[in-house]
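As a plain string of letters, each chain reads:
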Amino acid sequence: MIAQHALVLNLHQPAGNLEELLDNQSWEAKEILFALDRIPRSLWGHEDLARVHLSLSGTLLETLSNPEFQERVYGTVDCGSLLWHFQNEKLFEVLGTGYYHPVLPLIPEADREEQLRRWLGIAHHLLWRPRFQGFWPPEMGFSMELIPLLRAFGYRYVMVDSEHVEPISPMSWQELRYRPHIARFGGEAITVIVRDRDLSDAQESGMELDWFLAEVAERTKWCDFTPLVTTCTDGENGGWFRNVTEGANFWSAFYLPLLERVAAGEAAIAPTFISRYLDTYGAHGEVRVRTGAWNTGWHHGRDFTQWTGSDRQKQAIDAFARASRTVHDARWYATERGVSEGPEAEAIEEAMWRLLRAETSCHLYWGEAWVPRAEADLEAGRAALARIGIRPDTADADLPAPESESKPEPASDSVPVSGADASDIRTGAAGNDPPSPAPDGPAISETPAPKSS
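Parameters and conventions
- Residues numbered from 1 in each chain as written.
- Predicted model: local features only at pLDDT ≥ 70, side-chain atom pairs only at ≥ 80, totals over all residues.
- Heavy atoms only, no water.
- Helix = DSSP H or I, 4+ residues; strand = E, 2+ residues; numbered from the N terminus.
- Buried < 20%, exposed > 50% of the residue type's maximum accessible area, 1.4 Å probe, protein only.
- Contact = heavy atoms within 4.5 Å.
- Areas by Shrake-Rupley, 256 points an atom, 1.4 Å probe, with all protein chains shown as cover.
- 1 Å grid on protein atoms, 1.4 Å probe; cavity = no way out; pocket = protein on both sides within 12 Å on 5 of 7 lines; lining within 4 Å.
- Points joined across faces, edges and corners; volume = space filled by probe spheres on them.
- Nonpolar A, V, L, I, M, F, W, Y, C, P; charged D, E, K, R; others polar.
- Polar contact = N/O pair within 3.5 Å; in protein donor to acceptor, adjacent residues only side chain to side chain.
- Core = buried A, V, L, I, M, F, W, Y, C linked by side-chain atoms within 4.5 Å.
- Phe/Tyr/Trp six-rings, centres within 6.5 Å; stacked < 30°, edge-to-face > 60°.
- Lys NZ or Arg CZ within 6 Å of the ring centre and 35° of its normal.
- Pairing = 2+ DSSP bridges.
- Axes fitted to C-alpha atoms, helices over the stretch in contact; angles between N-to-C directions.

With that settled, the discussion passes to the overall build of the protein chain. Of the regular secondary structure elements, the protein chain holds 19 helices and 11 strands. Taking all 453 residues of the protein chain together, 57% fall into the buried category. Contacts spanning at least 24 positions in sequence make up 78% of the contacts within the protein chain whose residues lie at least 6 apart. Working note: accessible area of the protein chain is about 18900 Å², and carbon and sulfur atoms make up 49% of it.

Let's shift gears to the layout of surface pockets. Estimated volume of the largest pocket: approximately 800 Å³. Take the lining of the largest pocket: its biggest share by element is 4 residues, from helix H1 (residues 17-24). Each residue belonging to the lining of the largest pocket can be placed in one class, and the counts come to 12 nonpolar, 13 polar and 10 charged.

For the rest of this paragraph, the subject is empty space enclosed by the protein. For the coordinates displayed, the defined rule picks out 3 cavities of 30 Å³ or more. Here the largest cavity defines a volume of roughly 50 Å³. Lining the largest cavity, in full, are Pro102, Val103, Leu106, Ile107, Trp307, Ile317, Phe320, Glu359, Thr360, Ser361 and Leu364. Here the residues of the lining of the largest cavity sort into 8 nonpolar, 2 polar and 1 charged.

This brings us to helix H9 (residues 197-205). Here H9 has its buried residues at Arg197, Leu199, Ser200, Ala202 and Gln203. Two or three places before Asp198, at the opening of H9, Asp196 has a side-chain oxygen 3.1 Å from that residue's backbone nitrogen.

Further remarks concern the nonpolar core. Trp251 and Tyr255 are the most contacted members of the largest nonpolar core, which totals 97 residues. A per-element tally of this core places helix H12 (residues 250-263) first, with 8 residues. Sequence-distant contacts of Trp251, defined by excluding residues within four places in its chain, comprise Leu7, Leu9, Arg38, Ile39, Ser42, Leu43, Val52, Phe241, Leu256 and Pro257. The next biggest cluster of nonpolar side chains, apart from the first, holds 17 residues, and it includes Leu106, Ile317, Leu355 and Val371.

Before going further, it helps to spend a moment on the packing of aromatic side chains. Scanning all chains against the criterion turns up 18 aromatic pairs. Note on Trp173 and Tyr178: the rings are 5.9 Å apart at their centroids and 80 degrees apart in plane angle, and the pair reads as edge-to-face. Overall, Tyr178 belongs to the buried group, its relative accessible area being 1%. Aromatic rings pair up to connect Phe212, Trp240, Phe241, Phe250, Trp251, Phe254 and Tyr255 into one cluster. Above the face of the Phe225 ring, Arg179 is positioned so that its terminal group lies 4.2 Å from the ring centre. Note that Arg373 overlies the ring of Trp370, its terminal NZ or CZ placed 3.7 Å from the centroid.

Glancing now at the pairing of strand S7 (residues 181-185). Two elements, S7 and strand S8 (residues 188-195), share 5 bridges in a ladder whose sense is antiparallel. Its bridge partner being in S8, Ile182 is matched across the sheet by Thr191.

Our next topic: the sheet that holds S7. The strand order S4-S5-S8-S7 describes an open sheet built from 4 strands, whose pairing is mixed. Two strands lie at the open edges of the sheet, namely strand S4 (134-135) and S7, each paired on one side alone. Here S4 pairs with strand S5 (residues 157-161) via 2 bridges, running parallel. Across the sheet, residue Phe135 finds its bridge partner in S5, namely Val158. Against the sheet, helix H13 (residues 274-281) engages S5 and S8, with an angle of about 105 degrees to S5.

Further remarks concern the pairing of strand S3 (residues 92-95). Side-chain alternation along S3 places Phe92 and Val94 on one buried face and Glu93 and Leu95 on a second face that is also buried. In this structure, strand S2 (residues 52-56) lies alongside S3, joined through 4 bridges in parallel fashion. Paired with Leu54 across the strands is Val94, a residue of S3.

With that settled, the discussion passes to the environment of His284. In this structure, His284 sits in the loop between H13 and strand S11 (287-289). Spatially, the C-alpha atom of His284 lies 5.1 Å from that of His181, the residues being 103 residues apart in sequence.

Structure, rendered in structure tokens:
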């Protein structure tokens, strides 16, 4: 029996982070860029066997496609070519995600939709895929209430951590961890793909190929089905992925030797795309997924303590909710009056993207160290609304019409635009219409696919 291996790499850099590192810690910035560039370069010539799933945050895509940033790092990494190589569908299955990499269960429901829609706006433009089948919840932060939203955006499957999956249908330990399952909420169902936490921890910190093959064989030896072994980590963080020395990083010390073993028939494992596995073997059994995230260096991921452990972190999350009500009410009121352009629309749009950027998971991840960044974005959003007469104390009251006695001043901080058309990313991608199910989305069924021989 050959186990199928789904390798998943999360790639994310907060807005402005690479630029800041270039100014203050240039070698670290170069290590990150080299780690990104090493992914496709390592796989050239291995299109017959290599299979890698990538999640690229909207802020990372925005940075890599920004002409000024491209010019600044040209000679270190050719960002345009890197984005071109990520379009290779023989090597990469790209997963959808949230634009600013928020922990989705911790932000208001209306903002979740904005985060997903805006990511699709830039991803369709840069990655040239008509559809993204899988979804990567930032920080693997998942709750069952996300299922209807993910299905409305046409996603077929979602990644979840093994720590949080509980069986509803009878199944063995091996079936629970190494088979896709169905999860249901609010009349909708989605396929969940289970990340093996233990093997992923090893992938993150560095592992020997022989150990990995022996461990997979031991864990799947009682499977009477073709197992799907899924390992998920960051792809550009940590010394194992950033190490520039040949033979001392993930690609040259582990993955390329794995492909050599596979090609020689010396490994009882084969790289695969999750979508291809689902097409062949389907999903089996029903599960529920407890609310939680993946494990971090400090926490196991339950209850989101990494992002909610202090009073100031909790206050920031409460501030997200208050700001969200104000901004969405302002946009609704403007839409009702037919306002779609001009100073009022621009101020509301600025407040919206400031809010969404404030919700970046990194702002809460480092204890209280980066919380001021979230607070600064929220304050800038409030200032934008104040220019048109909307202030925080109007959040729960009827919104006033914009002040007409004086013409609002133009925004002092312009909305950043990436190499993609700004209308695709923000203005056009942030409409009020709810998402509609993708017409080509697969039907979810509990009917088991035939077992492999």
